[in-house]
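Spelled out, the chains give:
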Amino acid sequence: MRYKDRSHLARGICLLTMLYLTACSSVKTVAPYDRGYLAEDGMKWDEGTRNAKLKGHVYTSKEASSGGAGSAGGGCGCN
Amino acid sequence: MTDRPLRLEQHFKSMGGPARLVINAPPEQQLDLDKIAHLVRTLLETLEARYSRYQVESIVSIINRRAGSGVFTEIDPETQALLDLAGRLWDASGGLFDITSGPLRQAWDFRAGGSADPTQIDSARLLVGWEKIEWQASSFHLPTPGMEIDLGGLAKEYAADSAISVMRGLKVTSALIELAGDVATIGDSEDGTPWRVGIQDPDGVGSLCAVQLSNAAIATSGNYARRIDHEGKQYGHLINPQTGWPVEGPISVSVLDSHCLTAGAVATVACLHSEEHAHTWLEQAALPWLMVSSTGMRSGPIADRMPAPS
Amino acid sequence: MAQARLEAAVAATKPPALTQLPGSSPLMKRLGARLLALPAYQTGTALADAPPAFTEVGLRYTHYSEDSIDQDAVIFGATDRYDIDVTQLWIEAPVGASWSVALDVQNDYQTGASPWFVGAQQDGEPGVIMSGASIQDNRVEVGVTTRYFWADGNAGFSVSHSDEDDYEATALAFDASWNTADDARTWSTSFSSSRDTLNPTQGVIPVFITEEDLDTQSAYFGVSQILSRTAIARIGLSYTLSEGYLSDPYKFRDQRPDTHERLSLSAGYRRFLIDSDASLQIDYRYYADTWGTDSHTVELAWAQNLPGGLLTPYVRYYTQREADFFSVIADTEAPHYADDYRLSSYGAVTLGARWAVALGENWTLELEAERYMTDADWGVFHGDAAPALVDFWRGTVGIIWRFD
């Protein structure tokens with residue numbers, strides 16, 4: 001599944017799209033006042049902008065991969 | 001440890017009327033229902049102390065005592081939000097809903113059941129009008145001695161919503177709070193089906209019908225509770241602040257919404273309108289409603305869902 | 001199950017079908033506008049778009065420490081690797097009813113040595129020649145972010161500048177997220193652009209360049225969806241293009257292509273478990289680039305509400321395939337070559353935990369520690385083991401103060 005092998009990548013995107021459409025079509029509306037649990041601290045996508053930035057920074061500078069959740073940022077000489 | 005679901009039901013008096021609190025919890029959640037009920041009742045007492053015009057230390061009493069004195073009263077964000085809603089309702093109802101209409105009510109003196117003296121009504125009208133109030137940011141003042149505000153109706157429904165909010169914060173997944181006929185709920189009842197809540201029948205003591213609520217609230221406003229006779233004609237206790245006379249509107253209106261306060265506000269304004277205008281108002285609010293007209297006819301989306309009377 | 005339902009029936013008759021409560025009419029929105037300021041009417045706070053209600057000042061200190069390299073793997077040089085002390089200071093404040101502004105300052109102080117190149121030891125095994133004496137470097141980054149909030153979304157713009165002895169970087173970023181009409185779905189996107197300039201210092205390591213540039217553009221697009229009152233999921237796609245000097249000037253045998261395209265697909269899931277009073281967090285990322293590297297990252301976390309705060313233990317697994325031009329001992333005959341362990345095939349496991357505890361109404365204390373471990377045999381991709389894989393410890397302590 002290398003990047004150069006674009007058909008694999010296309011298949012991956014297709015799979016995610018299908019997953020998304022399946023998930024969303026079976027979703028029931030949750031009323032705004034019934035979203036208390038979704039607002040819990042443990043339900044956040046990241047543990048705060050600064051912590052996420054620092055962690056991303058550490059991993060990006062020690063691994064070949066980058067990007068993913070949220071912005072890809074960029075701009076530091078952190079090798 | 002028992003495996004039976006925990007259940008608590010308490011009846012008490014609060015916000016000037018009968019109150020009922022029901023909480024259910026699965027045993028594994030290990031909620032202390034007595035403690036939760038105690039917190040809810042403490043909250044209700046706090047709100048009553050803050051907004052009742054019968055308690056001399058309430059913010060409402062302080063504002064009313066200072067009417068015409070030139071002394072502004074500092075109001076907190078909660079009171080500001082309630083007064084803001086009162087102002088928006090006054091605006092949206094074309095002045096029919098007015099929390100300053102107390103002097104008119106006294107002129108009619110419903111408690112004595114007597115009739116009103118037209119000169120009294122005229123002088124009372126001078127003390128009524130939301131447009132007269134002086135309000136800048138967090139400072140509030142009534143400009144004329146004798147003017148007064150009454151947040152009773154809104155505060156009662158706000159108290160129901162606050163109780164629900166507090167219980168949600170304590171992870172309660174099934175609860176019902178009823179304050180003088182207005183009901184707010186969390187989740188479903190103990191058997192997993194929606195809460196069944198009766199709407200009071202204006203003609204009798206029984207239930208007009210039952211609605212089923214799940215994470216929703218219902219509020220009823222009516223002209224049936226206290227009625228007066230005047231020159232052979234029956235009037236409700238709600239007064240049109242612009243004419244100074246009791247309104248000849250619907251007998252009762254019930255409205256369903258996610259929160260009790262908004263449901264109650266819509267229902268109260270509907271009762272101040274003529275039946276025809278009440279219809280238009282309710283359509284605008286686009287919430288489920290039930291209206292009982294002066295002839296006893298029921299209408300609205302909730303009524304339409306009931307089988308025809310046999 | 002717990003959605004608002006309306007049903008009316010004369011008592012004791014068969015209940016008719018269930019209907020949902022309608023959405024807010026313009027009249028109801030107008031009436032309730034101010035009520036949203038009251039706690040009783042704020043249930044979806046994490047989903048509502050409004051500037052922060054408080055000014056926040058935060059200070060975090062992080063110590064990052066790499067394990068010494070195994071003496072057996074070193075041909076020449078010190079065995080100590082990097083230690084980094086990171087200090088983050090920020091202030092974020094609401095401005096008016098719909099804006100917020102944040103100022104971030106970060107200082108990194110780095111000491112230690114890093115692999116210079118890989119050669120063959122007497123027994124034929126590859127070994128690392130470390131950069132000689134310990135380097136010392138200080139990096140300062142300053143960033144400003146302004147954010148605008150409207151009823152259904154928010155958008156931010158940020159500028160940041162990073163400066164150190166040998167490296168300078170300036171970045172611009174724009175991001176936006178907006179909710180659909182029923183607020184159940186949130187779309188988000190971001191774009192960033194950066195210009196980096198390298199001026200390698202001529203020190204103990206001979207360096208063969210004087211000044212080089214690197215331009216990077218990046219875009220992200222994602223969507224999150226509320227699945228139920230306790231579950232939410234999201235997926236996203238990001239693309240990054242870098243052009244310019246991409247080699248490592250402090251490595252002896254490092255010649256990389258001058259373009260690098262990177263693509264990553266990410267998916268996340270959050271589920272609140274009412275009985276446990278905890279959230280399950282699952283994240284996955286697939287990454288692939290034009291250098292022939294691809295990788296899988298899986299992260300699992302359990303955020304437990306406790307009387308003492310929120311405790312979140314987590315585990316992360318990472319595995320990558322080596323770059324096309326990577327070899328354990330660089331092949332300098334090839335057009336592109338590198339012996340950097342970061343481009344090799346390996347697997348890595350992180351074990352960590354963070355703890356956030358509220359101290360009174362206005363203060364929050366945050367503690368976090370993690371251990372990162374690598375091994376060539378933990379990967380799922382084939383490739384020769386690089387001799388200098390890194391293991392590290394990281395510890396963070398932070399304090400946040402919020403006030404009106």
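The coordinates are above.
Now for a description of the structure that goes with this document. (Residues numbered from 1 in each chain as written. Chains lettered and ligands numbered in written order. Predicted model: local features only at pLDDT ≥ 70, side-chain atom pairs only at ≥ 80, totals over all residues. Heavy atoms only, no water.)

1. Focus: the overall build of chain A
Of the regular secondary structure elements, chain A holds two helices and zero strands. In chain A, which comprises 79 residues, the share counted as buried stands at 42%. (Helix = DSSP H or I, 4+ residues; strand = E, 2+ residues; numbered from the N terminus. Buried < 20%, exposed > 50% of the residue type's maximum accessible area, 1.4 Å probe, protein only.)

2. Structural notes on the overall build of chain C
When helices and strands are tallied, chain C shows one helix and 23 strands. In chain C, which comprises 404 residues, the share counted as buried stands at 49%. For chain C, the share of sequence-separated contacts (at least 6 apart) that also reach a separation of at least 24 residues comes to 57%. Counting every atom, chain C has about 18,100 Å² of accessible surface; 59% of that belongs to carbon and sulfur. (Contact = heavy atoms within 4.5 Å. Areas by Shrake-Rupley, 256 points an atom, 1.4 Å probe, with all protein chains shown as cover.)

3. Observations concerning a negative patch on the surface
There is a patch of like negative charges on the surface, built from D163, D165, E168 and E211 of chain C. Residue D165 of chain C is classed as exposed on the basis of its relative accessible area, which comes to 60%. (Patch = residues over 30% accessible without salt bridge, like charges linked within 9 Å, V, L, I, M, F, W, Y side chains within 5 Å. Salt bridge = Lys/Arg side-chain N within 4 Å of Asp/Glu carboxyl O. Lys, Arg positive; Asp, Glu negative; His and termini not counted. Charge placed at Lys NZ, Arg CZ, Asp CG, Glu CD.)

4. Looking at the pairing of strand 22 (residues 363-375) of chain C
Residue and element names in this part refer to chain C. Two elements, strand 21 (residues 346-359) and strand 22, share 13 bridges in a ladder whose sense is antiparallel. If you follow L359 over to strand 22, its bridge partner there is W363. Counting the residues that bridge the hairpin from strand 21 to strand 22 gives three residues, and of these G360 lies at a positive phi of roughly 70 degrees. In the sheet, strand 22 pairs with strand 23 (residues 392-403) via ten bridges, with the strands oriented antiparallel. Bridging across to strand 23, E366 finds its partner in G398. (Pairing = 2+ DSSP bridges.)

5. Comments concerning the interface of chain A and chain B
With four residues of chain A at the contact, the number on the chain B side is six residues. Carbon and sulfur atoms make up 46% of the surface buried where chain A meets chain B, a total of about 470 Å² over both sides. Linking chain A with chain B are zero salt bridges. On the surface where chain A and chain B come into contact, there are zero residue pairs in polar contact (both at pLDDT 80 or more). In terms of residue class, the side of chain A that touches chain B is made up of two nonpolar, no polar and two charged. (Buried area = accessible area lost by both parts, 1.4 Å probe. Polar contact = N/O pair within 3.5 Å; in protein donor to acceptor, adjacent residues only side chain to side chain. Nonpolar A, V, L, I, M, F, W, Y, C, P; charged D, E, K, R; others polar.)

6. Let's talk about the environment of Y54 of chain B
Residues and elements named next belong to chain B. Its place among the elements puts Y54 in the loop between helix 1 (33-51) and helix 2 (59-65). Look at Y54 and you get exposed, because its relative accessible area is 59%. Along the backbone, Y54 and G16 are 38 residues apart, and their C-alpha atoms lie at a distance of 9.6 Å. One polar contact links Y54 to R53, side chain to side chain, over a distance of 2.9 Å.

7. Considerations on the sheet that holds strand 15 (residues 298-299) of chain B
Residue and element names in this part refer to chain B. One open sheet accounts for eight strands, arranged 1-2-6-7-10-13-14-15; its pairing is antiparallel. Each of the sheet's edge strands pairs with one partner strand only, and the pair in question is strand 1 (6-14) and strand 15. Helix-sheet contacts for helix 7 (residues 260-272) involve strand 7 (182-186), strand 10 (217-222) and strand 13 (252-257), and the interaxial angle to strand 10 is about 25 degrees. Against the sheet, helix 8 (residues 275-285) touches strand 13, strand 14 (289-292) and strand 15, its axis set at about 175 degrees to strand 14. (Axes fitted to C-alpha atoms, helices over the stretch in contact; angles between N-to-C directions.)

8. Overview of the pairing of strand 6 (residues 99-112) of chain C
Residue and element names in this part refer to chain C. Only one face of strand 6 is covered, namely the one carrying S100, A102, D104, Q106, D108, Q110 and G112; the face carrying W99, V101, L103, V105, N107, Y109 and T111 has none of its residues buried. Pairing analysis gives 13 bridges linking strand 5 (residues 83-95) to strand 6, with the strands arranged antiparallel. Residue pairing for strand 6: I84 is matched across the bridge by Q110. The turn joining strand 5 and strand 6, which pair antiparallel and follow one another in sequence, is formed by three residues; a positive phi near 65 degrees is taken by G96. Sheet topology places strand 6 next to strand 9 (residues 135-150); 14 bridges connect them, and they run antiparallel.

9. Focus on the pattern of salt bridges
Inspection of every chain in the model, using the stated rule, returns 38 salt bridges over all chains. Among the salt bridges present, the one from E141 of chain C reaches R139 of chain C, with a minimum N-O distance of 3.0 Å. The same class applies to E141 of chain C as to R139 of chain C, namely buried. Here the salt bridges share partners, and the residues they tie into one network are E47 and K55 of chain A together with E299, R354, E368, E370 and R394 of chain C.

10. A look at the packing of aromatic side chains
Following the criterion strictly, the structure yields 16 aromatic pairs over all chains and no others. Pairing W116 of chain C with F117 of chain C gives two aromatic rings, centres 5.1 Å apart and planes at 65 degrees, and the pair type is edge-to-face. Its relative accessible area of 13% is what places F117 of chain C among the buried residues. Relative to F403 of chain C, the ring of W401 of chain C lies with its centre 4.4 Å away and its plane at 35 degrees, an arrangement referred to as tilted. Cluster of aromatic residues (ring-pair linked, three or more members): Y59 of chain A together with Y64, Y372 and F392 of chain C. Positioned above the aromatic ring of Y341 of chain C is the side chain of R81 of chain C, whose terminal nitrogen or guanidinium carbon lies 5.2 Å from the ring centre. When the ring centre of Y59 of chain A is taken as reference, the NZ or CZ atom of R316 of chain C above it lies at 3.7 Å. (Phe/Tyr/Trp six-rings, centres within 6.5 Å; stacked < 30°, edge-to-face > 60°. Lys NZ or Arg CZ within 6 Å of the ring centre and 35° of its normal.)

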